Amino acid sequence: MRKRRFLPDAVYRGRFAPSPTGSLHFGSLVAAVGSYLDAKHNNGIWLVRIEDLDTPRTVMGAADDILRTLEAYGLHWDETIIYQSQRTAAYQAAFEHLRIDNILYPCACSRKEIADSALHHGDELVYPGTCRNGLPQGKTTRAWRVRVNDARINFTDGLQGNIVQNLASGIGDFVVKRADGLFAYQLAVVVDDAAQGITHVVRGADLLHSTTRQIYLQRLMGFATPAYSHLPIAVNAQGEKLSKQTLATPVDTNNPVAALLRALAFLRQEMPADPGDYDLDSVLSWAIAHWNKDRLNGIMQIPA
Ligand code: GLU
């Protein structure tokens, strides 16, 4: 029997939501461990959701590989895994709901047209609103966008403090259904977090600036907004996020204790005095008991 690390009346529901674009590397292990420890320290439920919505980026076998790695690390999920690739009907229903309210509009712009006419806001391209009042003559629908009007979104991140964004000047009307017919990550993540009753999102700080778009969609759809905490991301010597693109190496499944201790050190957690005496289960129990998220306050990235 697996040890159940939560109380039956748990009010905390957290999740780890990897995209199966490759094996679990140190950066994604940190997100998994951080969300797991925060959930378990708070007697919560911890779920895993496979974000295989972006089928062109999905790598065959990667989801199973990630799940096997999580198990090898003792990070056991509490309920059935959901796969975004099987949830199109739920995304379609949310999309129809917004479309009926006339909050969505079809957009004919190609990437190049947007890049040519968009305003820049930091690294982001702000959609200039070309198709907002109807498709230009002779153009056909490529993607669907949500109107942001003058929405100013404000939230307090559990680690990164107060975040304010004016969606109109910072992002512009954003895509909820892509030109290739797939629903966009921003829509899917909001529908799934609501469907799974997620109360706490703990994930990498690379997603901090997606959060305002997600809160905006939650409000349009009448969903509750979870508490967000964005963990520092692991970067390489060039300051790039560890990812498949930056050729991050997969974590070792043969020596999970060593990698877990590395993840704990990365997360600036107190370390056990004699780590050599610990096996996997006792490291995890120790880490759950000693988890202190505040040690990461305000930190956006750390060299791995
Ligand atoms: N699937 C996303 C990723 O792997 C994470 C989404 C989320 O945690 O909201 O980057």
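The structure presented is a predicted model; accordingly, all values stated were derived computationally and were not measured. (Residues numbered from 1 in each chain as written. Predicted model: local features only at pLDDT ≥ 70, side-chain atom pairs only at ≥ 80, totals over all residues. Heavy atoms only, no water.)

Asks: Which residues make up helix 7 (residues 211–221), and what values do they have?
Replies: Counting buried positions along helix 7 gives nine out of eleven residues, so the element sits mostly inside the fold. For helix 7, every residue scored as buried is listed here: Thr211, Thr212, Arg213, Gln214, Ile215, Tyr216, Leu217, Gln218 and Met221. Of the residues flanking the end of helix 7, it is glycine 222, one or two places downstream, whose phi is positive at about 75°. (Buried < 20%, exposed > 50% of the residue type's maximum accessible area, 1.4 Å probe, protein only. Helix = DSSP H or I, 4+ residues; strand = E, 2+ residues; numbered from the N terminus.)

Asks: Tell me what's going on with the site of the ligand, and back it up with residues and numbers.
Replies: All residues in the neighbourhood of the ligand are listed as Arg15, Ala17, Pro18, Ser19, Glu51, Tyr185, Val189, Arg203 and Leu207. Between the ligand and arginine 203, the relevant distance is 2.7 Å, taken from an oxygen atom to a side-chain nitrogen or oxygen of the residue. Surface burial for the ligand is 80%, taken as the share of its 290 Å² of free accessible area covered by protein chains. Residue composition of the shell around the ligand, grouped by class: five nonpolar, one polar and three charged. (Near = heavy atom within 4 Å. Polar contact = N/O pair within 3.5 Å; in protein donor to acceptor, adjacent residues only side chain to side chain. Areas by Shrake-Rupley, 256 points an atom, 1.4 Å probe, with all protein chains shown as cover. Nonpolar A, V, L, I, M, F, W, Y, C, P; charged D, E, K, R; others polar.)

Asks: Quick one: what's the story with unusual backbone geometry, residue by residue and with numbers?
Replies: Positive phi, close to 55°, is recorded for asparagine 43, a residue that is not glycine. Its location among the elements puts asparagine 43 in the loop between helix 1 (26–41) and strand 2 (45–50). Overall, asparagine 43 belongs to the partly exposed group, its relative accessible area being 37%. Despite not being glycine, arginine 268 shows a phi value in the positive range, around 55°. Here arginine 268 is to be found in the loop between helix 8 (256–266) and helix 9 (280–290).

Asks: If you had to explain the pattern of salt bridges to someone new, which residues and values would you point to?
Replies: In this structure the tally under the stated criterion is 15 salt bridges. A salt bridge links lysine 40 to aspartate 78, with the nearest nitrogen and oxygen atoms 2.7 Å apart. In this pair, lysine 40 sits in helix 1 while aspartate 78 sits in the loop between helix 2 (62–72) and strand 3 (82–83), placing the two residues 38 residues apart along the sequence. For the pair formed by lysine 40 and aspartate 78, the shared burial category is buried. Arginine 178 serves as the salt-bridge partner of aspartate 180, at 2.6 Å between the closest nitrogen and oxygen. Assessed through its relative accessible area of 24%, arginine 178 is described here as partly exposed. Look at the salt bridges and you will find they share partners, linking Arg15, Arg49, Glu51, Arg87, Asp192 and Asp193 into a network. (Salt bridge = Lys/Arg side-chain N within 4 Å of Asp/Glu carboxyl O.)

Asks: Could you give an account of the side chain of glutamine 160, with specific residues and numbers?
Replies: Within the secondary structure, glutamine 160 sits in the loop between strand 8 (152–157) and strand 9 (161–166). A polar contact of 2.9 Å, which involves the side chain of glutamine 160, links it to the backbone oxygen of isoleucine 299. Excluding residues that lie within four positions of it along the chain, glutamine 160 makes contacts with Leu208, His230, Gly298, Ile299 and Met300. (Contact = heavy atoms within 4.5 Å.)

Asks: Describe the pairing of strand 7 (residues 143–146), naming the residues involved and giving the relevant values.
Replies: The two faces of strand 7 match: Ala143 and Arg145 on one face and Trp144 and Val146 on the other face are all buried. Across three bridges, the pairing between strand 7 and strand 10 (residues 174–177) is antiparallel. Counted as the bridge partner of tryptophan 144 is lysine 177 from strand 10. (Pairing = 2+ DSSP bridges.)

Asks: Help me get a handle on the sheet that holds strand 4 (residues 104–107), residues and values and all.
Replies: Strand order in the open sheet formed by three strands is 4-7-10, with antiparallel pairing between adjacent strands. Of all strands in the sheet, those bounded by a partner on one side alone are strand 4 and strand 10. Strand-to-strand, the axes of this sheet are offset by a mean angle of 45°, without reference to chain direction. (Axes fitted to C-alpha atoms, helices over the stretch in contact; angles between N-to-C directions.)

Asks: Can you lay out the packing of aromatic side chains for me, pointing to particular residues and giving the numbers?
Replies: Taken as a whole, this structure holds eight aromatic pairs when the rule is applied. Between tyrosine 91 and phenylalanine 183, the ring centres sit 6.2 Å apart and the planes meet at 65°, which makes this aromatic pair edge-to-face. Taken together, the positions of tyrosine 91 in helix 3 (residues 88–100) and phenylalanine 183 in the loop between strand 10 and helix 6 (185–195) put the pair 92 residues apart, joining distant regions of the chain. Judged by its relative accessible area of 4%, phenylalanine 183 falls in the buried class. By the ring-pair criterion, three or more aromatic residues cluster together here, those being Tyr91, Phe95, Trp144 and Phe183. The cationic tip of arginine 145 hangs over the ring face of tyrosine 127; the distance from NZ or CZ to the ring centre is 3.6 Å. Against the face of phenylalanine 26 rests arginine 262, its NZ or CZ located 4.1 Å from the ring centre. (Phe/Tyr/Trp six-rings, centres within 6.5 Å; stacked < 30°, edge-to-face > 60°. Lys NZ or Arg CZ within 6 Å of the ring centre and 35° of its normal.)

Take it as geometry only, folks, not as evidence of what the structure does.
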